[in-house]
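Residue-level listing of the chains:
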Amino acid sequence: MSPETEEAAVIKNPPEGFPRITPYLLYEDVDTWLMGVFGFEERFRMKAPDGKAMHAELALADGVVMMGNPGPDYQNPSHRGGATQLVHVYVDDVDAHFRAATAAGAHILREPADQFYGDRTYNVEDLEGHQWTFCQHVRDVPPEDMHP
């Protein structure tokens, strides 16, 4: 096998440890409280010449969120005047997650509630206006029985 063929055989797409779809959110302060409040763990950080983080990758179980700084062409929700997306995240215990987020001062948009499609969810807005739905799948509901 040639070196080119050998290298092609080990390259994975997406790279190891990344899901097929990864949100990339814009934060003025990449050093956010997402880790402490929402339970993410930092996987990677890239610093700008001034020492400030310009890119970071956070993980929660098998999920990844990339974060970068806004610029003239990209703005976060706080500069746009409202939510630009929602990020849907499954956690093991949504009620415990809610209590931790509330205790840390998160802006709760909707308290935990069971949904018709089988998830228990709550909605929260972080310090820069990104909206998150944290949920736990609590029961299986056949599609024909899903009625709001």
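Scroll up to find the structure this text is about.
Residues numbered from 1 in each chain as written. Predicted model: local features only at pLDDT ≥ 70, side-chain atom pairs only at ≥ 80, totals over all residues. Heavy atoms only, no water.

(A) Inspection of the packing of aromatic side chains at higher detail. In total, this model carries seven aromatic pairs according to the counting rule given. Taken together, a centroid distance of 5.2 Å and an interplanar angle of 75° make the contact between Phe98 and Tyr122 edge-to-face. Here Tyr122 lies in strand β7 (residues 119-125) and Phe98 lies in helix α4 (residues 94-103), a separation of 24 residues in the sequence. These aromatic residues form a ring-pair network of at least three members: Phe38, Phe40, Phe98, Tyr122, Trp132 and Phe134. Across from the ring centre of Phe18, 4.4 Å away, lies the NZ or CZ of Arg43, which sits over that ring. (Phe/Tyr/Trp six-rings, centres within 6.5 Å; stacked < 30°, edge-to-face > 60°. Helix = DSSP H or I, 4+ residues; strand = E, 2+ residues; numbered from the N terminus. Lys NZ or Arg CZ within 6 Å of the ring centre and 35° of its normal.)

(B) Fine view of the pattern of salt bridges. Under the defined criterion, the tally for this structure stands at five salt bridges. For the salt bridge of Arg45 with Glu42, the shortest nitrogen-to-oxygen distance reads 2.4 Å. Taking the relative accessible area as the measure of exposure, Arg45 reaches 23% and is therefore partly exposed. Its salt-bridge partner being Asp114, residue Arg120 comes within 3.1 Å of it at the nearest N-O pair. (Salt bridge = Lys/Arg side-chain N within 4 Å of Asp/Glu carboxyl O. Buried < 20%, exposed > 50% of the residue type's maximum accessible area, 1.4 Å probe, protein only.)

(C) Local environment of the sheet that holds strand β6 (residues 107-114). On the basis of which strands lie adjacent, the open sheet formed by four strands has the order β5-β8-β7-β6 and mixed pairing. Only two strands of the sheet have a single neighbouring strand rather than two, namely β5 (86-90) and β6. Ignoring which end each strand starts from, the neighbouring axes of this sheet average 15° apart. Bridging between β7 and strand β8 (residues 131-137) involves seven bridges; their strand directions are antiparallel. Residue pairing across strands places Asp119 opposite His137, the latter belonging to β8. Sitting on the sheet, α4 is in contact with β6, β7 and β8, with an inclination near 15° to β7. (Pairing = 2+ DSSP bridges. Axes fitted to C-alpha atoms, helices over the stretch in contact; angles between N-to-C directions. Contact = heavy atoms within 4.5 Å.)

(D) Inspection of a nonpolar patch on the surface at higher detail. A surface patch of nonpolar side chains, about 250 Å² in accessible area, is lined by Phe44, Met46 and Met54. Its relative accessible area of 37% is what places Phe44 among the partly exposed residues. (Patch = residues over 30% accessible without salt bridge, like charges linked within 9 Å, V, L, I, M, F, W, Y side chains within 5 Å. Areas by Shrake-Rupley, 256 points an atom, 1.4 Å probe, with all protein chains shown as cover.)

(E) Expanded view of the nonpolar core. With 24 residues, the main nonpolar core has Leu34, Phe38, Trp132 and Phe134 as its most contacted residues. Looking at this core, the elements that each hand over two or more residues are α2 (34-38), β3 (53-60), β4 (63-68), β5, α4, β7 and β8. In contact with Trp132, not counting residues within four places along its chain, are Leu25, Tyr27, Leu34, Phe38, Phe40, Val65, Val87, Val89, Tyr122, Asn123, Val124 and Asp126. (Core = buried A, V, L, I, M, F, W, Y, C linked by side-chain atoms within 4.5 Å.)

(F) Region of interest: the pairing of strand β2 (residues 41-47). In terms of strand pairing, β2 meets β3 through six bridges, oriented antiparallel. Residue pairing across strands places Glu42 opposite Leu58, the latter belonging to β3. A loop of five residues connects β2 with β3, the two strands running antiparallel in sequence, and Gly51 in this loop sits at a positive phi of about 90°.

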